[in-house]
Amino acid sequence: MFIQKDLRKVPRILSDAVQASEPPSFEEGQKSSKEPEKLTELRLARRAPEFGGNLSILCQPRNAPALHHLTTLSLYDCQIRSLEGIGMLGSPASDGDSTICCPNLRELNIGRNPISTLPDELALLAHSLTTLWCDDCQITGTIPNCVMKLSMLETL
């Protein structure tokens, strides 16, 4: 089985996801033959040039609608050095709406990135995160407190 890599850039993937999540507009008498697919899995592995060492391209309030149905996020081998901003995924929207950006995010793969610390804001994903992959990172020492706060975590 061969899986073809999505060659679109991250902003385009998110833009397309927002369009798919908006209700379709139909002229009177027209019916949709297909429900638009919501973005539930986002596998952005090996996209180091797009990330530039951080999550700023992904963790922006304008991306919240595209990420709302996300259950799986893979940032494997993107040369991310800082997870600053990751808390946005588990936080309410910044426009005063109490809706969580990614209420169903279950799996996060940050493996094979030169990350040496996990930020406290990672604990904001405690309501849903069950799997955290951080293999082949540069994290040393004791398990960080933010991981201990991930009450739903089953796999580390």
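Criteria and cut-off values
- Residues numbered from 1 in each chain as written.
- Predicted model: local features only at pLDDT ≥ 70, side-chain atom pairs only at ≥ 80, totals over all residues.
- Heavy atoms only, no water.
- Helix = DSSP H or I, 4+ residues; strand = E, 2+ residues; numbered from the N terminus.
- Buried < 20%, exposed > 50% of the residue type's maximum accessible area, 1.4 Å probe, protein only.
- Areas by Shrake-Rupley, 256 points an atom, 1.4 Å probe, with all protein chains shown as cover.

Enquirer: Quick question: what am I supposed to make of the overall build of the protein here?
Expert: When you go through the protein residue by residue, the secondary structure sums to 4 helices and 4 strands. For the protein, the α and β elements follow one another from N to C terminus as α-β-α-α-β-β-β-α. Residue burial in the protein is summarised as follows: out of 156 residues, 38% are buried. Accessible area for the protein stands at about 9500 Å²; split by element, carbon and sulfur atoms hold 49% of it.

Enquirer: What should I look at first to understand the environment of proline 61 in this one?
Expert: The topology assignment puts proline 61 in the loop between helix H2 (48-51) and helix H3 (64-67). A relative accessible area of 55% means that proline 61 is categorised as exposed. For the pair formed by proline 61 and cysteine 101, sequence separation is 40 residues and the distance between their alpha carbons is 8.6 Å.

Enquirer: Looking at this model, I keep getting lost on unusual backbone geometry. Mind explaining?
Expert: In terms of backbone geometry, most residues other than glycine have negative phi values and most peptide bonds are trans. For arginine 46, which is not a glycine, the phi torsion comes out positive at approximately 60°. Counting through the fold element by element, arginine 46 comes out in the loop between strand E1 (41-43) and H2. The backbone of arginine 112 sits at a positive phi, close to 55°, despite the residue not being glycine. Note on placement: arginine 112 falls in the loop between strand E3 (107-109) and strand E4 (131-133). On the accessibility criterion, arginine 112 (39% relative accessible area) is partly exposed.

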